[in-house]
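# Working through the structure, step by step
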Amino acid sequence: MSYIQAVNVVKEFGTGDSRVTAVRGIDLSIGQAEFISIMGESGAGKSTFLSMLGGLLQPTSGRILIGDVDIYGLKSDKRADFRREFMGFIFQSFQLVPYLNVLENVQLPLAVTHHTEKQKRELAVSALERVGLQDKALRLPNQLSGGEQERVAIARAVVNEPPILFADEPTGNLDSRNSNEVMNLLKRLNSEGQTIIMVTHSRANSSFAHRTVEVSDGQLSATSEAASQFTVSRQAAGAGA
Amino acid sequence: MKLHNIAINNLRRRKAKMVFLVSGLMIGVAAIVALITTIRILSEDIAHKMDEFGANIVITPKSEGLSLNYGGINLGGVSFDLREISESDLDKIETIKNAANVRIISPKVFGIFEHQGQKALALGVDFPAELSLKRWWKITGEKPSGIGQIVVGHEAAERFQLKPGSQVRILDKDFQVSGVLESTGSQDDQLFFMPLTVAQKLFDKEGKIAMAEVAALCHNCPIGEIVTQISEKIPAAKVTALQQVVASRMDALHNFQKFSLMVAALILLVGSMVVFVTMMGSVNERTREIGIFSAIGFRKSHIMKIILLEALIVSVASGVIGYLVGIGATRVAMPFFTEHVSHFSLDPLVAVGAVFLAIVIGLIASLYPATAASKMDPSEALRTL
């Protein structure tokens, strides 16, 4: 049963002679609680595709359905509400707000919700506990290591418990030990029921996913189930740690 | 965590930017406050000085006929109307609605006498009022200090060869010339000035006056209404506003105000440009941050609120500080412009206006940057997605 569906999605940038087609008619179905990895070379169109799946970039043509909602059929504000309620984003380079402390960064998606201040704080503390950073709640991002910043970004993405997580190169700026911690964290979140869609260059990271799709020149070029690889890779990562 | 926490934390933790932003707007507000306060004080000072420069209302007895006198040249008939009004009527001026605007009332009584075989005109005046009214008078000798002392006009002194200390006999009463007026170019040069009460007694006009000159402070006061109010109180008198004097005074003030408003508008424009450029720079600098807000589900209106809230906080701070700096600068600079620093007072209207102005400028100048921020494409802003 498809939970997220991309239907013949096309994205073009520019006009006339300078027109570039980044995504050329991708069809993809993702099941609920699935962990899917999107791989491809730089410029293949995988990040553009992820942006469109996440409701951040309007496709030139095609549709993105989440449940039975065509997210680009929604008006801009409604789409923002939809993102807030159903999606969490983990960005490359962490993208924490530098002038907010860890607790405030994690609470950010709750700033425009109707939770009470107490509830917001409890949800943020709970999210920090899930990533093991509850003791660093009052630090500023620049007082944390790269791995810790990524975990804060994950806590922010899950604070309102969205059913879908989008992760763009979540370990791109981390060493192997921190990468492994982050990937295990994502796997744990997935096992708790969250659908995860991750863009990565790393085969090792990809092996944590249930399925890997490869994008090449704006099109899906291959799909592979990764269940067996996941076991092998996890053992290898554990041995290396 | 609410939207205002984001705005406050951004300003709190980016102190240098906050200081720069506040300074930009504050300088504009301070300049306008200083200008407005200076204009007000100088306008009052100019008005005060101009009002000191002679009378602008003349009260004379009502006359049935037309005057046969123009520019001091007598065209036949009597050279001055000898009818009088009661001196006590002048007290009624203090009861008019705009009594506070009436600064000087200078009653006068005329009398003709003969000296060394020639006729001369004596004018009984209230010396303190008359000297206050005619600041341009320059007296050689002393101002009169007693009932036996008089001041003689320049031409009269030359004709009768009088100088300070000379004795003059007027209607069997001896007077000492305490001072001689330097030439004024007016009818005052031909007159003998003596205390009002003495003249009234000497010419048998006790309790009566021939005319009164009034100086009303007319900065923002309706001279026409004052004339009407006096006419109603003293029906026997003809009350005339010297329209030319009033008009020229008001023209001078209006021109000064117009110039000041132009300068203020220019400063306002520069101030708003500073805010606009700084806020636009701030928005561009925070592109990624705004992208994050948008990606995690902030609506356009939420992003606008954050930017405008920051602008509001900066504007209020700029308004308050700008007002205090402007007032301080005026207080420091005022002694260089006028000696009437005693007029200096804090105007709550200016204070409220300064803060309101800062808020309006701050918000208007930030509106476009806020709109631009809210319209930012989140994926473009984040670039990494």
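Residues numbered from 1 in each chain as written. Chains lettered and ligands numbered in written order. Predicted model: local features only at pLDDT ≥ 70, side-chain atom pairs only at ≥ 80, totals over all residues. Heavy atoms only, no water.

Often, the extent of an interface is quoted as the loss of accessible area upon association of its parts. Contacts between the two partners involve 27 residues from chain B, matched on the other side by 33 residues from chain A. If you look at where chain B meets chain A, you find one salt bridge. Measuring nitrogen to oxygen at the nearest pair gives 2.4 Å for the salt bridge that ties A:Asp81 to B:Arg299. Linking chain B with chain A are ten residue pairs in polar contact (both at pLDDT 80 or more), by the criterion used here. For the side of chain B that touches chain A, the secondary structure elements donating two or more residues are α1 (3-13), α8 (287-295), α9 (300-337) and α11 (378-382) of chain B. Element by element, the count of residues in the side of chain B that touches chain A is highest for α8(B), at six residues. The residue inventory of the side of chain B that touches chain A, partitioned by class, reads eleven nonpolar, seven polar and nine charged. (Contact = heavy atoms within 4.5 Å. Salt bridge = Lys/Arg side-chain N within 4 Å of Asp/Glu carboxyl O. Polar contact = N/O pair within 3.5 Å; in protein donor to acceptor, adjacent residues only side chain to side chain. Helix = DSSP H or I, 4+ residues; strand = E, 2+ residues; numbered from the N terminus. Nonpolar A, V, L, I, M, F, W, Y, C, P; charged D, E, K, R; others polar.)

On to the sheet that holds strand β4 (residues 61-66) of chain A, then. Pairing between the strands of a sheet comes from backbone hydrogen bonds, and it takes one of two forms, parallel or antiparallel. Residue and element names in this part refer to chain A. As summarised here, the arrangement of the four strands in space is β2-β1-β4-β5, forming an open sheet in which the pairing is antiparallel. Taken across any chain shown, the strands that pair with only one partner, and hence form the sheet edges, are β2 (20-31) and β5 (69-70). Two strands pair when backbone bridges link them, and strand β1 (residues 2-13) and β4 are joined in this way by five bridges, in the antiparallel orientation. Paired with valine 10 across the strands is serine 61, a residue of β4. Strands β1, β2 and β4 of the sheet are contacted by helix α1 (residues 46-53), whose axis makes an angle of about 125° with β1. (Pairing = 2+ DSSP bridges. Axes fitted to C-alpha atoms, helices over the stretch in contact; angles between N-to-C directions.)

Note that side chains of opposite charge can pair when their charged atoms are close. Residues and elements named next belong to chain A. Under the criterion given, the structure shown has 23 salt bridges over all chains. One salt bridge in this structure joins glutamate 148 and lysine 136, with 2.2 Å as the shortest N-O distance. One end of the pair, glutamate 148, is in helix α5 (residues 146-158); the other, lysine 136, is in the loop between α4 (117-130) and α5, and twelve residues separate them in sequence. The exposure class assigned to glutamate 148 is buried, which follows from its relative accessible area of 13%. (Buried < 20%, exposed > 50% of the residue type's maximum accessible area, 1.4 Å probe, protein only.)

Before going further, it helps to examine the nonpolar core. Ranked by size, the top nonpolar core spans 74 residues in total, and within it A:Ile38, A:Phe49, A:Leu53, A:Ile197, B:Ile6, B:Phe293 and B:Phe298 carry the most contacts. Those residues in contact with B:Phe293 that sit more than four places away from it in its chain are A:Val97, A:Tyr99, A:Leu108, B:Ile6, B:Phe298, B:Ile303 and B:Ile306. In terms of nonpolar packing, the next biggest core, distinct from the first, is built from 34 residues, A:Leu128, A:Ala153, A:Leu185 and A:Phe208 among them. (Core = buried A, V, L, I, M, F, W, Y, C linked by side-chain atoms within 4.5 Å.)

Before going further, it helps to spend a moment on the confidence of the model for chain B. Residues and elements named next belong to chain B. Looking at chain B, the pLDDT average stands at 82 and 84% of residues meet or exceed 70. When pLDDT is averaged over each element of chain B, strand β8 (residues 149-152) comes out on top at 94 and strand β3 (residues 73-74) at the bottom at 48. In this model residues 71-81 is a low-confidence stretch, pLDDT under 50, and it forms eleven contacts with partners more than four residues away in sequence or in other chains. At the level of chain-chain contacts, confidence expressed as ipTM amounts to 0.86, with global pTM at 0.67. (pLDDT = per-residue confidence, 0-100.)

Glancing now at the packing of α1(B) against α9(B). Residue and element names in this part refer to chain B. At a minimum axis separation of 9 Å, α1 and α9 run at an interaxial angle of 50°. In terms of orientation, α1 and α9 fall into the oblique class. By crossing handedness, the relation of α1 to α9 is classed as right-handed. Facing α1, whose interface residues are Leu3, His4, Ile6, Ala7, Ile8, Asn10 and Leu11, α9 presents His302, Lys305, Ile306, Leu309, Glu310, Ile313 and Val314. Considering only residue class, the contact of α1 with α9 consists of nine nonpolar, three polar and two charged. (Parallel < 35°, antiparallel > 145°, perpendicular 65-115°, else oblique. Left-handed = near helix turned anticlockwise from the far one by under 90°.)

Residues and elements named next belong to chain B. Taken as a whole and assessed by the stated rule, the structure comprises eight aromatic pairs over all chains. Note on phenylalanine 113 and phenylalanine 192: the rings are 5.1 Å apart at their centroids and 85° apart in plane angle, and the pair reads as edge-to-face. Placement of phenylalanine 113 in strand β5 (residues 102-115) and of phenylalanine 192 in strand β11 (residues 191-195) is noted, with a sequence separation of 79 residues between them. When its relative accessible area of 2% is taken as the criterion, phenylalanine 113 is described as buried. What makes phenylalanine 192 buried here is its relative accessible area of 0%. An angle of 35° between the planes, with centres 6.1 Å apart, marks the rings of phenylalanine 276 and tyrosine 368 as tilted. Residue phenylalanine 276 is found in helix α7 (residues 243-285), and its partner tyrosine 368 is found in helix α10 (residues 348-374); the two are separated by 92 residues along the sequence. (Phe/Tyr/Trp six-rings, centres within 6.5 Å; stacked < 30°, edge-to-face > 60°.)

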